[in-house]
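This is what each chain is made of:
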Amino acid sequence: EAIRSRSLLALPAGNRGPPGRQKGSTHVDKYKFLTPEWIEAAHKLRDQMGDEVPPAAQPVRMNQVITEVPADVADGDINAYMNTADGEMDMDLGELENPDLTVTLDYATAKAILVDGNPQAGMQAFMAGKIKVQGDMTKLMAMQSGPVDASAAKLSEAIAAMTAEVEPAEGA
């Protein structure tokens, strides 16, 4: 299964009003950000939207290392990847061999950018040295420059609605 929107680090911030309910449902199951269950639910949401979400605009192979992960989410850092080299978004836990870049950031910042739709959190964290980029930074910048598509914003809102709050990691 693959998510074909933007990366974990580049989901559009778009019109992020209060999270809505799934069409025809009265309950949205909640999952802790970046748990295997959350990833599976995000894949299902993407699959439900089908061709509504456009293919990735920029080819990139990116590994992501999420640090300071709460103990009830994972035992240590989370490795995730995103690969759009074939025009489709392939995103999951794990890592790619020979990525174009590797982005390292803490869990709270990743959630603020991806789930809460707060691009300022990403810029502030980068300026404060909390986001580290190894490799071709121009690929990351090119991903960030695309317009926000209404269907991608709809997917982002659904992902926000299914994401449970988590206590920060100790020492974070």
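This report concerns the structure included in the present document. Position numbers for residues start from 1 in each chain and track the written sequence from start to end. pLDDT decides what is reported in this predicted model: residues at 70 or higher carry local features, side-chain atom pairs at 80 or more are listed and counted, and totals for whole chains, interfaces and linings draw on all residues regardless. Hydrogens and water molecules were not included; the side-chain quantities draw on all heavy atoms of the structure.

**What about the packing of aromatic side chains?**
Phase 1 of the analysis: A pair of Phe, Tyr and Trp rings is counted when the ring centres sit within 6.5 Å of each other, with Trp represented by its six-membered ring. The angle between the planes then sorts it: under 30 degrees is stacked, over 60 is edge-to-face, the rest tilted. Within this structure, the stated rule accounts for two aromatic pairs.
Phase 2 of the analysis: Judged by centre distance (4.9 Å) and plane angle (85°), the ring pair of Phe-33 and Trp-38 falls under edge-to-face. The same class applies to Phe-33 as to Trp-38, namely buried.
Phase 3 of the analysis: Members of the aromatic cluster, connected to one another through ring pairs, are Phe-33, Trp-38 and Tyr-107. Exposed residues in this analysis have more than 50% of their type's maximum accessible area, buried residues have under 20%, and partly exposed residues fall in between, with area computed by a 1.4 Å probe over protein chains only.

**Re the nonpolar core**
Phase 1 of the analysis: In this structure, Phe-33, Leu-34, Trp-38, Met-62, Ile-66, Tyr-107 and Met-162 are the most contacted members of the largest nonpolar core, which totals 38 residues.
Phase 2 of the analysis: At the level of elements, helix 1 (36-49), strand 2 (61-67), strand 3 (78-83), strand 5 (101-106), helix 2 (107-114), helix 4 (137-144) and helix 5 (150-161) are the ones that each hand at least two residues to this core.
Phase 3 of the analysis: Ranked by residue count, the leading element in this core is helix 1, at six residues.
Phase 4 of the analysis: Discounting chain neighbours no more than four positions away, the residues touching Tyr-107 are Lys-32, Phe-33, Leu-34, Ile-66, Thr-67, Glu-68, Val-69, Pro-70, Val-73 and Val-166. The definition of a nonpolar core used throughout is a set of buried Ala, Val, Leu, Ile, Met, Phe, Trp, Tyr and Cys residues joined through side-chain atoms within 4.5 Å. Strands are runs of DSSP state E lasting at least two residues, helices are runs of H or I lasting at least four, and both sets are numbered from the N terminus onward. Working rule for contacts: check all heavy atoms of both residues, and any pair within 4.5 Å makes them a contact.

**Considerations on the side chain of Asn-83**
Phase 1 of the analysis: On the secondary structure map, Asn-83 appears in strand 3.
Phase 2 of the analysis: N or O atoms within 3.5 Å of each other form a polar contact, as long as, within protein, one can give a hydrogen and the other can take it, and as long as residues adjacent in sequence are counted only when both atoms are side-chain atoms. Side-chain polar atoms of Asn-83 contact the backbone nitrogen of Ala-85, separated by 2.9 Å.
Phase 3 of the analysis: Contacts of Asn-83, omitting those with residues within four sequence positions, involve Val-60, Arg-61, Glu-88, Met-89, Asp-90 and Leu-96.

**Observations regarding the pattern of salt bridges**
Phase 1 of the analysis: Here, a salt bridge means any Lys or Arg side-chain nitrogen found within 4 Å of an Asp or Glu carboxyl oxygen. The final tally for this structure, using the stated rule, is four salt bridges.
Phase 2 of the analysis: Taking the shortest distance from any N to any O, the salt bridge between Asp-72 and Lys-32 comes out at 2.8 Å. Here Asp-72 is found in the loop between strand 2 and strand 3, whereas its partner Lys-32 is found in strand 1 (residues 31-32), with 40 residues between them in sequence.
Phase 3 of the analysis: For Lys-32, a relative accessible area of 30% corresponds to the partly exposed category.
Phase 4 of the analysis: The partner of Lys-111 in a salt bridge is Asp-116, with the nearest N and O atoms 3.2 Å apart.
Phase 5 of the analysis: On the basis of relative accessible area, Lys-111 is assigned to the buried category, the value being 9%.

**Describing the environment of Asp-72**
Phase 1 of the analysis: Owing to a relative accessible area of 44%, Asp-72 belongs among the partly exposed residues under this scheme.
Phase 2 of the analysis: As a C-alpha pair, Asp-72 and Thr-35 span 37 residues in sequence and 9.2 Å in three-dimensional space.
Phase 3 of the analysis: With residues near it in sequence (within four places) discarded, Asp-72 still touches Lys-32 and Val-166.
Phase 4 of the analysis: Here the side chain of Asp-72 touches Lys-32 through a polar contact of 2.8 Å, side chain to side chain.

**Some thoughts on a nonpolar patch on the surface**
Phase 1 of the analysis: Nonpolar side chains (Val, Leu, Ile, Met, Phe, Trp, Tyr) within 5 Å and like charges within 9 Å form the patches, drawn only from residues with over 30% relative accessible area and no salt bridge. Surface accessibility follows the Shrake-Rupley procedure with a 1.4 Å probe radius. Residue values consider only the protein chains on display as shielding. Where nonpolar side chains cluster on the molecular surface, the patch consists of Phe-126, Met-127, Met-137 and Met-141 and spans about 430 Å² of accessible area.
Phase 2 of the analysis: At the level of secondary structure, the elements contributing two or more residues to the nonpolar patch comprise helix 3 (119-127) and helix 4.
Phase 3 of the analysis: When you line up the elements, Phe-126 lands in helix 3.

**Some thoughts on helix 2**
Phase 1 of the analysis: Within helix 2, seven of the eight residues are buried, leaving the element largely enclosed by the surrounding structure.
Phase 2 of the analysis: Along helix 2, the residues classified as buried are Tyr-107, Thr-109, Ala-110, Lys-111, Ala-112, Ile-113 and Leu-114.
Phase 3 of the analysis: Where the residues of helix 2 are buried, they touch strand 1, strand 2, strand 5, helix 3 and strand 7 (163-164).
Phase 4 of the analysis: You can read the cap of helix 2 off the contacts: a side-chain oxygen lies 3.2 Å from the backbone nitrogen of Ala-108, and it is on Asp-106.

Geometric descriptors of this kind do not, in isolation, establish any biological role.
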